[in-house]
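Given next are the chains, with one letter for each unit.
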Amino acid sequence: MASGVTVSDVCKTTYEEIKKDKKHRYVIFYIRDEKQIDVETVGDRNSEYDQFLDDIQKCGPGECRYGLFDFEYMHQCQGTSESSKKQKLFLMSWCPDTAKVKKKMLYSSSFDALKKSLVGVQKYIQATDLSEASREAVEEKLRATDRQ
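Residues numbered from 1 in each chain as written. Predicted model: local features only at pLDDT ≥ 70, side-chain atom pairs only at ≥ 80, totals over all residues. Heavy atoms only, no water.

- Naming follows an unreviewed UniProt entry, where the protein chain appears as Cofilin/actin-depolymerizing factor homolog of Drosophila albomicans.
- Among the UniProt annotations of the protein chain, the heading Sequence similarities (unreviewed entry) holds the following wording: "Belongs to the actin-binding proteins ADF family." (UniProt positions renumbered as here; feature names shortened; annotations may be inferred.)

Next comes the structure, spelled out in structure tokens:
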């Protein structure tokens, strides 16, 4: 079900700056006036995951957000002793249980529009609380897509 919410050009530009140019570590998106997805916060390239979690929640317990993060971790292929650094882009839909139903519906129905405009994201994550958004939970989901 589409909501009719559009994605601003600045969202796409910021995404390209993360994906191709590695200028930023993450970006937080929000829906402005129930009409357009826009950029709210951009995290420096040296930002940590905890800062991303803080920024995605700083709007308050009754608000939803989307967040894109360039996640880095070490991966060791089976049969080798060497680890390599992996990077994966994931897009998170943050809709806490404490948000109003109308807000959650707007964000869930608009998630597809954002997904379609950000080509190349490796994983989509839906989180309703910090246990689903924790670094450990996210890394586990991203590692599940690695070749062994």
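**A word on helix 2 (residues 49-57)**
Part 1 of the argument: Among the residues of helix 2, Tyr49, Phe52, Leu53, Asp55 and Ile56 are the ones counted as buried. All buried residues of helix 2 fall inside an arc of 165 degrees around its axis, so they share one side.
Part 2 of the argument: Check the buried side of helix 2 and you find it contacts strand 2 (24-32), strand 3 (36-44), strand 4 (65-76), strand 5 (83-94), helix 4 (130-133) and helix 5 (135-143). (Buried < 20%, exposed > 50% of the residue type's maximum accessible area, 1.4 Å probe, protein only. Helix = DSSP H or I, 4+ residues; strand = E, 2+ residues; numbered from the N terminus. Arc of directions from axis to C-beta. Contact = heavy atoms within 4.5 Å.)

**A closer look at the nonpolar core**
Part 1 of the argument: Phe29, Ile37, Tyr66, Leu68, Leu91 and Leu114 are the most contacted members of the largest nonpolar core, which totals 23 residues.
Part 2 of the argument: The element contributing the most residues to this core is helix 3 (residues 101-117), with four residues.
Part 3 of the argument: Listed in part, the 17 residues of the second largest apolar core include Phe52, Tyr73, Ile125 and Leu142. (Core = buried A, V, L, I, M, F, W, Y, C linked by side-chain atoms within 4.5 Å.)

**With respect to the pairing of strand 4**
Part 1 of the argument: Counting buried positions along strand 4 yields nine of 12 residues, so the element is predominantly enclosed.
Part 2 of the argument: Note that strand 2 and strand 4 share four bridges and pair antiparallel. Paired with Tyr26 across the two strands is Phe69, which belongs to strand 4.
Part 3 of the argument: Taken together, the 12 bridges between strand 4 and strand 5 define a ladder with antiparallel strand orientation. Within strand 5, the residue paired with Glu72 across the bridge is Gln87.
Part 4 of the argument: Following strand 4, the chain reverses through six residues before pairing antiparallel with strand 5; Gly79 in that reversal takes a positive phi of roughly 85 degrees. (Pairing = 2+ DSSP bridges.)

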